[in-house]
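Here is what each chain is made of, one letter per residue.
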Amino acid sequence: MDLTYSEADEQFRAELRAWLADSVPPQWRTFGYWSRQDPDQSFDRRRDWEAAKAAAGFSGIDWPTEFGGRGGTPAQKAIHDEELARAGAPLTVNTLGLTFLAPTVMAIGTEAQKREIIGPLLRNEVIWCQGFSEPDAGSDLAAVRTRGVRDGDHYVVNGQKIWTSNALHADRMFALVRTHPGERKHQGLSMLLIDLHSPGIEVRPLRQLSGSLDFGEVFFTDARVPVDSVLGPPGEGWKVAMLLLSFERGSSAIGQYTAFRRELDEVISLARRTERGGRPAIEDPSIRQRIAQLHIELESLRLHSLHVLTQVEQGRELGATSSLTKLQWSQTHQDLGDLFTEVAGADHQLTGDDVDAARYGLQRAFLWSRSETIWGGSSEVQRNIVAEQLLGLPR
Amino acid sequence: MEFALDEEQLGLQSAVRDLIAAHSPLDVVRTVVDSPQSDGVPAGLWARIADQGWPAVLIPQEYGGLGLGLLEAAVITRCLGAGVVPGPVAASMIGGEAIRRAGSAEQQATWLPGLAEGRIRLAVALLRPSAAWDRPGDSVKAAGQTAEGKLTGEIGQVEYAHLADRIVVAAEADDATAEVGLWLVDPASTGVTSTRTPTLDATTRTSTLTLTGVEAERLPGGDPATVADLVSRATVLAANDLVGIARAALTRTVDYLRTREQFGKPIGSFQALKHQLADLLVGLTMAEHAGWYAAHALDAQLPDAALAVSVAKAKASDVARLATARMIQYHGGIGYTWEHETHFFFKRARRLEQTYGDAVQHRARIAALTLDRVP
């Protein structure tokens, strides 16, 4: 066992840390800062900041240099995630594009698609969203009904996507659309790359439980999508979707660990200044047990991330491990949110401008954590995957 | 970055598993469980284990040991837990480590080669069962702090005391300092009473050790820090035994659920069971990581080693409790019979859960380590 990084990796960390020290404004580093900002303005600032990061050579860390990436190691990608979280840097505005679409295009895109998609994506010139879920296709993703009918050099698309993260800010969408006949529901799908600014497309915001407008609905009414905007073979969209989702595998949760650790530190700090039963909450044995349990779960998550990273660096097949990883971090984050409410007591309810930034930030994380066991495959779906693929239980 | 067992550690793991499968399958464990008066070690098993040098895994090669680290000891212990294997292996590992760390050159030369050859078996009486984790030796007083002293006190549930050639005892000085130290006790000495105490976990044998003015040899290097470190190491081995138990409980349960049919299909296809077992695998995987890391952290003297020990023991205790409870539940009626092996795993897990500090105690310690040292 050796939990140290190579000299080259540490050199990378030092360079990135130096760049972050100069480019993340001090006020951004305050816990809870972003949750206070106007969503549209904050999106633009994050988008610009991330573009500057890419220009400085600190994006696409483990992408090949031929695609504008840094050509770094998986460890450097993990270090990148860790350092950004540690520096209080803003979260990426192009998650789905960076995590899923880009590697899929690198793997199976046409030369023209590689050229047109990857560079602009890395530079945040084009923001991508994912068009998978529909009102009647959630966990049962293959039940999508949005249809694309061939008309000359175009597919004419009609239907509706929902729960689309980033829908309001996205320029393009990679969408699972039914374009061909098929006997089974997994057949006849295509992965269309749709320009959301084209006619026949309407984006409506959905207000989340937290009050934010981070996702929306996208309606297609005779929207025309060029036939060369299919990623992978037409009619083979299900396979493309599975390949795309497989890029979640091996992605380290070290970024989540670092961010959650910071939140736990804020909860601890809150526990020092909050009274509970006539004494500081930090002295309450039951609160101490809960904090310790969070420490155990977060430390386990850190070690798990390092183990996954080791497997990736050794070129081992990870299979369905990413489902297990997600169950651990999403559950831990919800436990952390619950702990916040117990430490804050009834005051966890207070909201609005008068609440101090730290408590407001924790309140936002508490609410957001409820979404994390739903999006990207609900915990129930993840448990099926873990039970069947990791434990070998029958379907 | 390499947080995984290396080739040699994986090789060791396979060797231990193979030997257990060949010489300590569950029907052999059952002979130990069903004969509570027996010495508790299957005939020939100790010789085979000793022959591999596993009780001497931590003993330097100059004394004939394997000269490996706590991580390798944890690999062995985890396999022993998975097989609910009876015998004083962990006790001998920690006893030998006490002599290696705290013994004089003469004591080391006297005991370590015999331990490495399998001729000598050791027991350790470091921590009274209900004592605070950080108060080893709190029930035994040592009069005289020179090479020879007299020990008086009582300590319960000492594993394999009845087989030990020597017992390493932690005792507090019978003076104002009350400083804890380590002593080597010959069980045949005048004033030693060792009474076998049957436990629910019948894969393990324990005794209550009563000492009345017993003449003992001091291990001169047994200062409080060394005693605490030995308790940490013993705790990590207990955690890894628990992780092994939990993994075996899960694997055996899954195997059963794949074949047992009700309502015309394998019951393992029902989501009520699948989802619980998926969650269990998540927790178990975390406990496995924590168990390796704590051993490594002590070997490498990492700054967070103290925390890592408590994380590992708390997590392993909770997961083993859950895994063995589910094992009984999901086996249904057969799982609640003496005839089935679920109770070997369940009872051993519950004993080890309360050994070297339970989850509540270790969480309290994590809180103390992380919250009470304000930067």
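Residues numbered from 1 in each chain as written. Chains lettered and ligands numbered in written order. Predicted model: local features only at pLDDT ≥ 70, side-chain atom pairs only at ≥ 80, totals over all residues.

1. Focus: the overall build of chain A
Phase 1 of the analysis: Looking only at helices and strands, chain A features 11 helices and 10 strands.
Phase 2 of the analysis: Radius of gyration (C-alpha) of chain A: 22 Å, near the 21 Å computed for a compact globule of 395 residues.
Phase 3 of the analysis: For the C-alpha atoms alone, the extent of chain A along its principal axes is close to 75 × 50 × 45 Å.
Phase 4 of the analysis: Residue burial in chain A is summarised as follows: out of 395 residues, 43% are buried.
Phase 5 of the analysis: Put simply, 73% of the contacts in chain A that link residues at least 6 apart link residues at least 24 apart. (Helix = DSSP H or I, 4+ residues; strand = E, 2+ residues; numbered from the N terminus. Rg over C-alpha atoms; globule rule 2.2 N^0.38 Å. Buried ≥ 20, exposed ≤ 12 C-beta atoms within 10 Å, placed from the backbone. Contact = placed C-beta atoms within 7 Å.)

2. Here we look at the domain arrangement of chain B
Residues and elements named next belong to chain B.
Phase 1 of the analysis: For chain B, the assigned domains are domain 1 (7-121), domain 2 (123-223) and domain 3 (225-371).
Phase 2 of the analysis: Domain 1 and domain 3 are separated by 21 Å when their C-alpha centres are compared.
Phase 3 of the analysis: With 22 residues of domain 1 at the contact, the number on the domain 3 side is 24 residues.
Phase 4 of the analysis: At the level of elements, α2 (26-33), α4 (70-82) and α5 (89-102) are the ones that each hand at least two residues to the side of domain 1 that touches domain 3. (Domains from an automatic or database assignment.)

3. Some thoughts on the interface of chain B and chain A
Phase 1 of the analysis: At the junction of the two partners, chain B supplies 34 residues and chain A supplies 37 residues.
Phase 2 of the analysis: For the side of chain B that touches chain A, the leading source of residues is helix α8 (residues 271-299) of chain B, giving 13 residues.
Phase 3 of the analysis: Classifying every residue of the side of chain B that touches chain A gives 21 nonpolar, 7 polar and 6 charged. (Nonpolar A, V, L, I, M, F, W, Y, C, P; charged D, E, K, R; others polar.)

4. Comments concerning the environment of Asn166(A)
Residues and elements named next belong to chain A.
Phase 1 of the analysis: On the secondary structure map, asparagine 166 appears in the loop between β3 (154-165) and β4 (172-178).
Phase 2 of the analysis: Residue asparagine 166 is classed as buried on the basis of its 21 C-beta neighbours within 10 Å.
Phase 3 of the analysis: When near neighbours in sequence (up to four residues on either side) are disregarded, asparagine 166 contacts Ile127 and Cys129.

5. A few points about the domain arrangement of chain A
Residue and element names in this part refer to chain A.
Phase 1 of the analysis: With domains assigned, chain A is organised as domain 1 (7-93), domain 2 (128-233) and domain 3 (254-390).
Phase 2 of the analysis: Between the C-alpha centres of domain 1 and domain 3 there is a distance of 22 Å.
Phase 3 of the analysis: Between domain 1 and domain 3, the contact holds 15 residues from the first and 14 residues from the second.

6. Things to note about the nonpolar core
Phase 1 of the analysis: In terms of nonpolar packing, the biggest core is built from 179 residues, with Val169(B), Ala246(B) and Ala294(B) touching the most fellow members.
Phase 2 of the analysis: Counting residues in hydrophobic clusters, the runner-up holds 42 residues, among them Leu122(A), Ala175(A), Leu196(A) and Val230(A). (Core = buried A, V, L, I, M, F, W, Y, C linked by C-beta atoms within 7 Å.)

7. Remarks on helix α2 (residues 39-55) of chain A
Residues and elements named next belong to chain A.
Phase 1 of the analysis: The end-to-end C-alpha separation of α2 is 24 Å, in line with the 24 Å expected for 17 residues at 1.5 Å each.
Phase 2 of the analysis: For α2, the complete set of buried residues consists of Arg46, Glu50, Lys53 and Ala54. Viewed end-on, α2 has its buried residues packed into an arc of 95 degrees, placing them on one side of the element. Of the exposed residues in α2, those oriented more than 90 degrees away from the buried face are Asp40, Gln41, Asp48 and Ala55. (Expected span 1.5 Å × (residues − 1). Arc of directions from axis to C-beta.)

8. Brief notes about the confidence of the model for chain B
Phase 1 of the analysis: Residue-level pLDDT values for chain B average 96, and 99% of them are 70 or greater.
Phase 2 of the analysis: Taken together, the chains of this predicted complex give a pTM of 0.96 and an interface ipTM of 0.97. (pLDDT = per-residue confidence, 0-100.)

9. Observations regarding the packing of α5(B) against helix α6 (residues 105-117) of chain B
Residues and elements named next belong to chain B.
Phase 1 of the analysis: Contact geometry for α5 and α6: axes closest at 9 Å, N-to-C directions at 155 degrees. Classified by the interaxial angle, the pair formed by α5 and α6 is roughly antiparallel. Our pair here, α5 against α6, has a crossing hand that is left-handed. Only Gln107, Gln108, Trp111, Leu112 and Leu115 of α6 make contact with α5, whose side of the interface consists of Ser92, Gly96, Ile99 and Arg100. (Axes fitted to C-alpha atoms, helices over the stretch in contact; angles between N-to-C directions. Parallel < 35°, antiparallel > 145°, perpendicular 65-115°, else oblique. Left-handed = near helix turned anticlockwise from the far one by under 90°.)

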